[in-house]
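# Architecture at a glance
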Amino acid sequence: MDFKVGSLNTDKPANGDVGCLATNHVSSIKSTTPITPISSAAATLGRYLARRLVQIGVSDVFAVPGDFNLTLLDDLIAEPGLELIGCCNELNAGYAADGYARSRGVGACAVTFTVGGLSILNAIAGAYSENLPIICIVGGPNSNDYGTNRILHHTIGLPDFSQELRCFQTVTCHQAIVNSMEDAHEKIDTAILTALKESKPVYISISCNLSAIPHPTFSHEPVPFCLEPKLSNSMGLEAAVDAAAEFLNKAAKPVMVAGPKLKVAKACNAFLELADACGYAVAAMPSAKGLMKESHPQFIGTYWGAVSTAFCAEIVESADAYIFAGPIFNDYSSVGYSLLLKKEKAIIVQPDRVFIANGPAFGCVLMKEFLPALAKKLKRNTSAYENHRRIYVPQGLPLQGYPKEPLRINRLFKHIQEMLSGDSAIIAETGDSWFNCQKLKLPEGCGYEFQMQYGSIGWSVGATLGYAQAAKNKRVIACIGDGSFQVTAQDISTMLRCEQNTIIFLINNGGYTIEVEIHDGPYNVIKNWNYTGLVDAIHNGDGKCWTTKVQCEEELVEAIEISTEVKKDCLCFIEIIVHKDDTSKELLEWGSRSHSSEKVTDSGETVPVLCQS
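Here's what I pulled together on the structure shown here.

What counts, and at which threshold
- Residues numbered from 1 in each chain as written.
- Predicted model: local features only at pLDDT ≥ 70, side-chain atom pairs only at ≥ 80, totals over all residues.
- Heavy atoms only, no water.
- Core = buried A, V, L, I, M, F, W, Y, C linked by side-chain atoms within 4.5 Å.
- Buried < 20%, exposed > 50% of the residue type's maximum accessible area, 1.4 Å probe, protein only.
- Helix = DSSP H or I, 4+ residues; strand = E, 2+ residues; numbered from the N terminus.
- Contact = heavy atoms within 4.5 Å.
- Phe/Tyr/Trp six-rings, centres within 6.5 Å; stacked < 30°, edge-to-face > 60°.
- Pairing = 2+ DSSP bridges.
- Axes fitted to C-alpha atoms, helices over the stretch in contact; angles between N-to-C directions.
- Parallel < 35°, antiparallel > 145°, perpendicular 65-115°, else oblique.
- Left-handed = near helix turned anticlockwise from the far one by under 90°.
- Nonpolar A, V, L, I, M, F, W, Y, C, P; charged D, E, K, R; others polar.
- 1 Å grid on protein atoms, 1.4 Å probe; cavity = no way out; pocket = protein on both sides within 12 Å on 5 of 7 lines; lining within 4 Å.
- Points joined across faces, edges and corners; volume = space filled by probe spheres on them.
- Domains from an automatic or database assignment.
- Arc of directions from axis to C-beta.
- Polar contact = N/O pair within 3.5 Å; in protein donor to acceptor, adjacent residues only side chain to side chain.

## Describing the nonpolar core
Counting residues in hydrophobic clusters, the biggest one holds 52 residues, and the most contacted among them are Phe62, Ile120, Ile124, Phe168, Phe485, Ile492 and Ile504. Ranked by residue count, the leading element in this core is helix 15 (residues 459-470), at seven residues. Those residues in contact with Phe485 that sit more than four places away from it in its chain are Val461, Ile480, Ile492, Leu506, Tyr531, Leu534, Val535 and Phe573. Counting 42 residues, the second-largest nonpolar core is a separate cluster that includes Ala244, Ala251, Leu291 and Met292.

Given below as structure tokens:
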């Protein structure tokens with residue numbers, strides 16, 4: 001799951017390269033790199049930005065046109081290797097960039113000033129929460145309007161152009177206002193490099209009159225970025241490893257738990273190396289699903305408190321020591337702060353810091369260096385895994401339905417399980433799909449994505465579009481609830497324009513089921529749509545699309561067979577009709593606990609004491 005971005009070397013500089021983050025410059029110069037001149041017609045600000053995007057591995061930009069960004073979009077289109085994907089609205093363009101970044105490592109989107117920027121803001125906030133580097137490009141006001149008292153359209157009617165910027169300052173790690181040619185290249189490079197370095201979105205506003213202007217600073221091919229590798233403090237690393245090894249080697253039945261920040265720390269392989277070496281039972285937090293090989297012999301499932309995989313919580317919470325690598329303990333992942341964990345038993349490893357029980361904390365220690373070093377000092381201890389094997393009872397198959405019986409959710413996911421391979425990827429929408437998809441056993445190489453920290457209903461349609469565009473070697477399977485689909489349905493049309501062959505299971509149960517289980521009310525009931533009819537109308541005979549409505553298991557089996565064989569090159573939309581109360585037992589438990597306002601407050605018993613950022 002570790003990845004490199006485009007031509008960036010995120011592990012170490014090449015010979016002759018001078019890493020430049022330490023000196024606040026934005027690119028490194030390789031002594032043998034030829035400087036390639038560019039024709040004056042292509043030496044424009046917009047083309048420079050486009051070349052930088054291609055260089056870091058972005059080949060698709062998700063965009064919505066507006067009068068402030070039209071010239072900029074012309075420049076993006078003109079760049080070889082870069083495709084502009086027009087989306088139906090800015091929110092979906094942002095979600096698509098989110099999904100794209102999950103697969104490719106970085107994503108990009110382009111919208112217009114304020115009306116576009118504020119529309120995409122929610123998606124960028126979600127990407128920020130999930131540590132995704134996205135280059136959010138906005139066509140900004142004419143450079144000649146800055147410093148005047150002019151009132152522009154697409155604003156709230158004040159001669160102040162900073163409203164959009166102020167909004168983005170809270171959900172991006174860097175903001176650049178490009179309204180001068182002289183420092184445009186520096187601002188663009190700094191923003192892009194910061195996104196890659198911080199693994200967060202950045203905001204770039206480019207004045208609408210500048211994009212097509214040639215300038216000497218763009219007259220040569222930009223030298224590729226080279227990220228200087230972060231290094232641990234060697235003394236701190238040694239001390240942290242010694243303290244952690246002493247702590248864990250005293251334990252009788254220690255366990256390991258993977259957290260979502262393994263990915264941003266680029267430590268997935270390091271975590272696997274530690275698991276191989278120590279023999280501990282290995283679990284994953286729900287938001288880390290897909291980061292740990294589920295075929296690993298010591299893997300015991302998802303640790304999610306009361307809604308964990310069968311027998312997983314018992315092993316984790318009864319351990320006398322646990323090492324959490326990259327965890328996020330929020331109210332969702334902790335099931336309303338009800339995890340039975342104790343700080344004095346825990347080692348918490350964050351991307352650049354290690355906390356050991358009630359004892360010392362070590363800063364400037366990188367997770368990707370700490371875990372392999374720790375692997376060399378731990379005694380092999382398989383006690384927790386052997387305990388799991390002793391008590392584990394395999395889950396039974398869901399009850400077989402009788403002929404033409406209304407389809408049940410558990411039977412649906414039994415068949416989805418059988419569809420999975422290393423050439424597929426699962427996108428799970430916020431809702432009961434979270435819980436049902438968590439129970440899927442992922443084959444090695446099978447992708448898996450969901451948005452747990454931000455939990456924005458409707459995220460999955462755009463994210464599916466972006467992920468499928470980035471990972472053309474995989475067939476994406478999206479599980480989307482009807483309520484979520486109604487928020488962002490339009491960009492099914494963009495999937496068709498891009499000739500994607502995603503399989504969408506639209507689960508129609510008549511409402512916002514996850515919210516029903518948290519707190520019911522009439523606002524959770526939605527107007528039922530003819531979903532297959534809607535997709536057929538969007539298709540309108542243009543592109544490859546197949547739809548069907550499924551009400552029983554026999555129809556489901558037939559639909560899956562058609563979608564995976566005869567229609568394997570088509571976008572397949574399968575509407576699943578289920579009872580409104582047909583939910584997973586995990587959602588029922590999670591909903592009741594998440595709704596409770598009571599928190600455990602006994603010392604050492606609450607999850608918040610483990611919440612180190």
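## A short note on unusual backbone geometry
In this model, His154 sits at a positive phi of 65 degrees, which is unusual for a non-glycine residue. Counting through the fold element by element, His154 comes out in the loop between strand 4 (134-140) and helix 5 (163-169). Located in the positive-phi region is Ala357, a residue other than glycine, with phi close to 45 degrees. Summarising the element assignment, Ala357 is placed in the loop between strand 12 (353-356) and strand 13 (361-363).

## Thoughts on the packing of aromatic side chains
Counted according to the given criterion, the structure contains 17 aromatic pairs. The interplanar angle of 70 degrees and the centroid separation of 5.6 Å between the aromatic rings of Phe62 and Tyr100 together place this pair among those described as edge-to-face. With Phe62 in strand 1 (residues 60-63) and Tyr100 in helix 3 (residues 90-104), this pair connects stretches of sequence that are 38 residues apart. Classification of Phe62 as buried rests on a relative accessible area of 0%.

## Re the sheet that holds strand 1
Pairing is parallel across the open sheet formed by six strands, whose spatial order is 2-1-3-4-6-5. At either end of the open sheet lies a strand with only one pairing partner, and these are strand 2 (83-86) and strand 5 (174-178). With strand direction ignored, the average angle separating the axes of adjacent strands in the sheet is 20 degrees. In this structure, strand 5 lies alongside strand 6 (residues 202-207), joined through five bridges in parallel fashion. When the bridges of strand 6 are listed, Val178 appears paired with Ile206. Where helix 2 (residues 70-78) meets the sheet, its contacts fall on strand 1, strand 2, strand 3 (107-112), strand 4 and strand 6, and the angle it forms with strand 2 comes to roughly 130 degrees. In this fold helix 3 packs onto strand 1, strand 3 and strand 4, with an angle of close to 165 degrees to the strand it touches most, strand 3.

## So, the packing of helix 7 (residues 234-249) against helix 11 (residues 367-375)
For any two helices packed against each other, the geometry is given by the interaxial angle and the distance between the axes. Close contact between helix 7 and helix 11 brings their axes to 9 Å; oriented N to C, the two are set at 50 degrees. Regarding the angle of helix 7 to helix 11, the classification is oblique. When you trace helix 7 past helix 11, the crossing you get is right-handed. Residues Leu237, Ala240, Val241, Ala244, Ala245 and Leu248 of helix 7 lie in contact with helix 11, whose contacting residues are Glu369, Phe370, Ala373 and Leu374. In terms of residue class, the contact of helix 7 with helix 11 is made up of nine nonpolar, no polar and one charged.

## Things to note about the layout of surface pockets
Considering only enclosed or pocket space, the largest pocket measures out at about 1,100 Å³ in volume. Together, 40 residues line the largest pocket, and Thr309, Gln395, Gly396, Lys439 and Leu440 are the ones closest to its centre. By residue number, the principal contributor to the lining of the largest pocket is helix 13 (residues 409-419), which donates six residues. For the lining of the largest pocket, the per-class residue count stands at 16 nonpolar, 14 polar and ten charged. Two domains share the lining of the largest pocket, each providing at least three of its residues, namely domain 2 (234-391) and domain 3 (409-592).

## Description of the sheet that holds strand 9 (residues 299-302)
Strand order in the open sheet made by the seven strands is 9-8-7-10-11-12-13, with mixed pairing throughout. At either end of the open sheet lies a strand with only one pairing partner, and these are strand 9 and strand 13. Neighbour-to-neighbour, the strand axes of the sheet open up by a mean angle of 15 degrees, direction not taken into account. By the bridge criterion, three bridges tie strand 12 to strand 13 in an arrangement that is antiparallel. In the sheet register, Val354 faces strand 13, and the bridge partner there is Phe362. Sitting on the sheet, helix 9 (residues 268-278) is in contact with strand 7 (255-258), strand 8 (281-284) and strand 10 (322-325), with an inclination near 165 degrees to strand 7.

## Some remarks on helix 2
Looking only at helix 2, the buried set comprises Leu72, Leu73, Asp75 and Leu76. Buried residues of helix 2 fall within an arc of 155 degrees about the axis and therefore sit on the same side. Of the exposed residues in helix 2, those oriented more than 90 degrees away from the buried face are Asp74 and Ile77.

## Some words on the environment of Tyr303
On the secondary structure map, Tyr303 appears in the loop between strand 9 and helix 10 (312-318). Look at Tyr303 and you get buried, because its relative accessible area is 1%. A C-alpha to C-alpha distance of 5.7 Å links Tyr303 and Ala313, two positions ten residues apart in sequence. At a separation of 2.6 Å, a polar atom in the side chain of Tyr303 contacts the side chain of Glu317.

Just geometry here; none of it tells us what the structure is for.
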